[in-house]
Amino acid sequence: MNTPDTDTKLRGPAVWALILTGVASFMAALDNLVVTTALPAIREDLGGKLEDLEWTVNAYTLTFAVLLMFGAALGDRFGRRRLFIVGLAIFTGASAAAALSPGIDALIAARAVQGVGAAIMMPLTLTLLTAAVPAARRGMALGIYGAVTGLAVASGPLIGGSLTEHISWQWIFWLNVPIGLALIPLARLRLAESTAPDARLDVPGTLLISGGLFGIVYALVNANSDGWTSATVLTGLIVGAALVGGFIHHGFNNANPMLPMRLFRDRGFLGINLASLLMFLGMFGSIFLLSQFLQGVAGYSPTEAGLRMLPWTGMPMLVAPLAGILSDRIGGRPVVAAGLAFQALGLGWFAAILSADVSYAAQLPPLILSGIGMALYFAPAANVLMSTVAPADQGKASGTNNALREVGGALGVAVLASVFSAQGGYESPQAFTDGTIPALWIGAAAVALAAALALLVPRKAKADRTPADRTVAVPEKVPAAG
């Protein structure tokens, strides 16, 4: 039996788990957007058409999204720590290959392999951390983890722009290499191994969901260049939707599916996953446009634009740990719902005041409000997700949530960019502003809907689990922190 002291303090293994999983998740999440501000320098150095440059972003997003659930299933079957290290090694090696790329095609291929590594390690970070932290402090630990992940996603343009402007674009990839090489032996020594009971690889389910998500995400990220009614986009959407439908049918009828559809019968699991998808839809699309607005309309350099977004992107580091503690006291649902509401209000405020000559002082209040909202969401979201499922299902839950976030991000960039193209363009500062304003209203509406869906989460987490639901830990002594 755990003593109160054990329950309320983060001991050595829990601290190490928080550090290792937090740093790994930061690298994987950072690479979603870190390349965007480096694209002009990459084109000047490696050449390539506009479509090639787009794929330096999309190749990572696609492989990350479609293989997340398979990565979680591999960890459940063969050991979460073991596969976490494998994914970390793939990600680190692919980062070095990206930095050394002699041409644009090699860079795109390296980015795709990076996505494979991230898809394996990212869903396992959450299950490894949850297993290592005492229940009484799980909200705080997962709040810090969520803040780090959220900061990585939002600060990608700042870090990418700064490295590109002051060193070279290759360093956005070299940055991962020493960190990854340091994490691999530490993960082997400091993380406990665990598996899910009776875990099996669901090959038909894996093929259905991977093919379905690939078709849908491929169509979304190509919709702007090919057109929403083009044969390529329509085929991707229709075939992808059909395969996802087959995956859902498989999940209801197969004895051991990768993702049991019974999980979605829990309104909390359903609510937090739909809210996450819509949050990333609004956030990714808005950051994509606003970072360009600050450069193309306001005239800032990539580094200057990133610095001026810090009231938004840096706020999670200040607010999220406090939000995690608050969620331990009052529950995660009100904190998540409030955060999403603040984020929606911030985006709506931006849309209301945006103009070609808007001052930075006028932008500051919505930036701060959006930052607080992002922090309040990211802090308890992971704990809320894990509280809706049994320990044995946490790998599946994490993979599902991360996949839906990535799909939401791709959908957000595609949809908001399409609205932008229909209402404005790059011809002049006024044209860019005219396109950005309605796109921001769409982003705000999506996040507002996410706030409403977050209210589906029950006030209290499920109290007891049956013995069959408990995670099976492989007996192994984990060295204590020195």
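Because the structure is a prediction, the values reported are computed rather than measured. (Residues numbered from 1 in each chain as written. Predicted model: local features only at pLDDT ≥ 70, side-chain atom pairs only at ≥ 80, totals over all residues. Heavy atoms only, no water.)

This paragraph deals with the overall build of the chain. When its secondary structure is counted, the chain shows 19 helices and two strands. Counting all 482 residues of the chain, 56% fall into the buried class. A total of about 18500 Å² of accessible surface is found on the chain, and carbon and sulfur atoms cover 66% of it. (Helix = DSSP H or I, 4+ residues; strand = E, 2+ residues; numbered from the N terminus. Buried < 20%, exposed > 50% of the residue type's maximum accessible area, 1.4 Å probe, protein only. Areas by Shrake-Rupley, 256 points an atom, 1.4 Å probe, with all protein chains shown as cover.)

This brings us to the packing of aromatic side chains. A ring pair, where both rings are aromatic, is described by two values, the distance of the centres and the angle of the planes. One pass over the full model with this rule turns up five aromatic pairs. Judged by centre distance (6.3 Å) and plane angle (85 degrees), the ring pair of W169 and F173 falls under edge-to-face. (Phe/Tyr/Trp six-rings, centres within 6.5 Å; stacked < 30°, edge-to-face > 60°.)

The subject of this paragraph is the environment of V34. For V34, the position within the fold is in the loop between α2 (12-30) and α3 (39-46). Each C-alpha atom, one on V34 and one on L163, is 9.8 Å from the other, the two residues being 129 residues apart in sequence. Beyond its immediate chain neighbours, meaning those up to four positions away, V34 contacts G156, I159, G160 and I172. (Contact = heavy atoms within 4.5 Å.)

Our focus in this paragraph is the nonpolar core. Where a protein is soluble and globular, its nonpolar side chains tend to be buried together. By size, the foremost hydrophobic cluster in this structure holds 122 residues, and its most contacted members are F84, M279, M283, W312 and L340. By residue number, the principal contributor to this core is helix α12 (residues 267-296), which donates 15 residues. Counting six residues, the second-largest nonpolar core is a separate cluster that includes M315, V319, V335 and L376. (Core = buried A, V, L, I, M, F, W, Y, C linked by side-chain atoms within 4.5 Å.)

Tracing the chain through its elements places F420 in helix α18 (residues 394-423). Residues F420 and A439 lie 19 residues apart in sequence; the distance between their C-alpha atoms is 5.8 Å. Aside from chain neighbours lying at most four places away, what touches F420 is L289, G425, Y426, F432, G435, T436 and A439.

We now examine the packing of helix α16 (residues 332-353) against helix α19 (residues 429-454). The N-to-C vectors of α16 and α19 enclose an angle of 165 degrees; their axes lie 8 Å apart at closest approach. Accordingly, the angle class assigned to the pair α16 and α19 is roughly antiparallel. Relative to α19, the crossing made by α16 is left-handed. In this structure, α16 uses R333, V336, A337, L340, A341, Q343, A344, L347, G348, F350, A351 and A352 to contact α19, whose residues at the interface are I437, L440, W441, G443, A444, V447, A448, A450, A451 and A454. Class assignment of the residues belonging to the contact of α16 with α19 gives a composition of 18 nonpolar, three polar and one charged. (Axes fitted to C-alpha atoms, helices over the stretch in contact; angles between N-to-C directions. Parallel < 35°, antiparallel > 145°, perpendicular 65-115°, else oblique. Left-handed = near helix turned anticlockwise from the far one by under 90°. Nonpolar A, V, L, I, M, F, W, Y, C, P; charged D, E, K, R; others polar.)

Another point: the environment of P123. If you trace the backbone, P123 turns up in helix α6 (residues 104-132). On a C-alpha basis, the gap between P123 and G75 in space is 8.9 Å, while along the polypeptide they are 48 residues apart. Non-local contacts of P123, meaning those with residues more than four positions away in its chain, are made with L68, G71, A72, A118, S398, G399 and N402.

A few words on a nonpolar patch on the surface. Among the surface-exposed residues, F78, L201, V203 and L207 lie close enough to one another that they form a single nonpolar patch of about 360 Å² accessible area. Among the structural elements, V203 can be located in helix α10 (residues 203-226). (Patch = residues over 30% accessible without salt bridge, like charges linked within 9 Å, V, L, I, M, F, W, Y side chains within 5 Å. Salt bridge = Lys/Arg side-chain N within 4 Å of Asp/Glu carboxyl O.)

The N-to-C vectors of α12 and α19 enclose an angle of 160 degrees; their axes lie 8 Å apart at closest approach. With respect to their mutual orientation, α12 and α19 come out roughly antiparallel. The way α12 lies across α19 gives a crossing that is left-handed. Every residue of α19 that contacts α12 at G271, L274, A275, L278, M279, L281, G282, S286, L289, L290, Q292 and F293 is listed here: F432, T433, T436, A439, L440, G443, A446, V447, L449, A450, L453 and A454. Its residues placed into classes, the contact of α12 with α19 shows 17 nonpolar, seven polar and no charged.

We now examine the confidence of the model for the chain. Detailed reading of the predicted model is not advised wherever pLDDT is low. Averaged over every residue, the pLDDT of the chain is 78; the share at 70 or more is 86%. Looking over the chain, one finds the lowest element-wise mean pLDDT in strand β2 (residues 472-473), namely 37, and the highest in helix α5 (residues 80-99), namely 91. Low pLDDT, under 50, characterises residues 1-8; the predicted model gives this stretch seven contacts beyond four residues in sequence or across chains. With pLDDT under 50 throughout, residues 461-482 is counted as low confidence; its partners more than four residues away or in other chains account for 42 contacts. (pLDDT = per-residue confidence, 0-100.)

This paragraph deals with the side chain of Q363. Locating Q363 in the fold gives a position in helix α17 (residues 360-387). Not counting residues within four places of it along the chain, the set of residues in contact with Q363 comprises L294, F350, I353 and V358.

So, on to the side chain of N176. Among the structural elements, N176 can be located in helix α9 (residues 176-190). Within the structure, N176 has its side chain in polar contact with the side chain of S95 (distance 3.2 Å). Residues within four places of N176 in sequence aside, it is in contact with M27, D31, F91, T92, S95 and Q114. (Polar contact = N/O pair within 3.5 Å; in protein donor to acceptor, adjacent residues only side chain to side chain.)

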